[in-house]
Amino acid sequence: WVVAVFVGVLVHELGHAVVMRWNGFQPSITLYGLGGAASYGPNVYGAPSLSPWRQIGISVAGPVAGFLLAAAVCLGLIASGVGIQVFWGFPFGVDVTPAGYIGGELFTWFIDSFLFVTIAYGILNLMPIYPLDGGHISRELFLMAMPRDGIRHSLILSMLTAAAIAVLGFTRGSFFLGIMFGYLALGSFNTLQRYQ
């Protein structure tokens, strides 16, 4: 599980870093706990300041990198004859697992965990909740639509979405999800209060 999370988070942050690099920055990656952060670093190519669409591109690149690697693993499983199983539903919308064993139980469990991290965490990361990538995307979209109140509206959306997922988590017995998104809802509420 630890190796799967490490690889999944590293690939996610590398996705951000690659697009930052394309935009003229020297990115750095910091990994911590169950997450990580890609920082811009200095602008070495003299690129102009980032447009909202470039900011969105950087935010989307992390989950997309994970999805692409998960797709490659799934194609490898299908090509090897093992196949995949896809389950739809709560809490992440989709769960993809190997349909059989791949070289032993431990490696199969690693692949299953890796697919969970890259797909499920990627989906959650796209929710319009601060400080997730989806929160940054919604902020940029709101700022383009309403420059004066965009941040406030994105914080309200973040708070309501996180609260809804927290309630859904608690009612479905997923206490980790409920606590985590309850904490994110509280963080958005506190930021909104300070912002106003």
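You'll find the structure just up there.
Residues numbered from 1 in each chain as written. Predicted model: local features only at pLDDT ≥ 70, side-chain atom pairs only at ≥ 80, totals over all residues. Heavy atoms only, no water.

Caption draft 1: View of the overall build of the protein. When its secondary structure is counted, the protein shows six helices and four strands. At 18 Å, the protein has a C-alpha radius of gyration in line with the 16 Å of a compact globule built from 196 residues. On the principal axes, the C-alpha backbone points of the protein span a range of 55 × 45 × 25 Å. When the 196 residues of the protein are sorted by exposure, 39% land in the buried category. (Helix = DSSP H or I, 4+ residues; strand = E, 2+ residues; numbered from the N terminus. Rg over C-alpha atoms; globule rule 2.2 N^0.38 Å. Buried < 20%, exposed > 50% of the residue type's maximum accessible area, 1.4 Å probe, protein only.)

Caption draft 2: Structural view of the pattern of salt bridges. This structure, assessed with the given rule, holds two salt bridges. In this structure, the salt-bridge partner of Arg 139 is Glu 140, at a minimum N-O distance of 3.1 Å. According to the relative accessible area criterion, Glu 140 is buried, its value standing at 10%. A salt bridge links Asp 149 to Arg 152; the shortest N-O distance between them is 3.7 Å. (Salt bridge = Lys/Arg side-chain N within 4 Å of Asp/Glu carboxyl O.)

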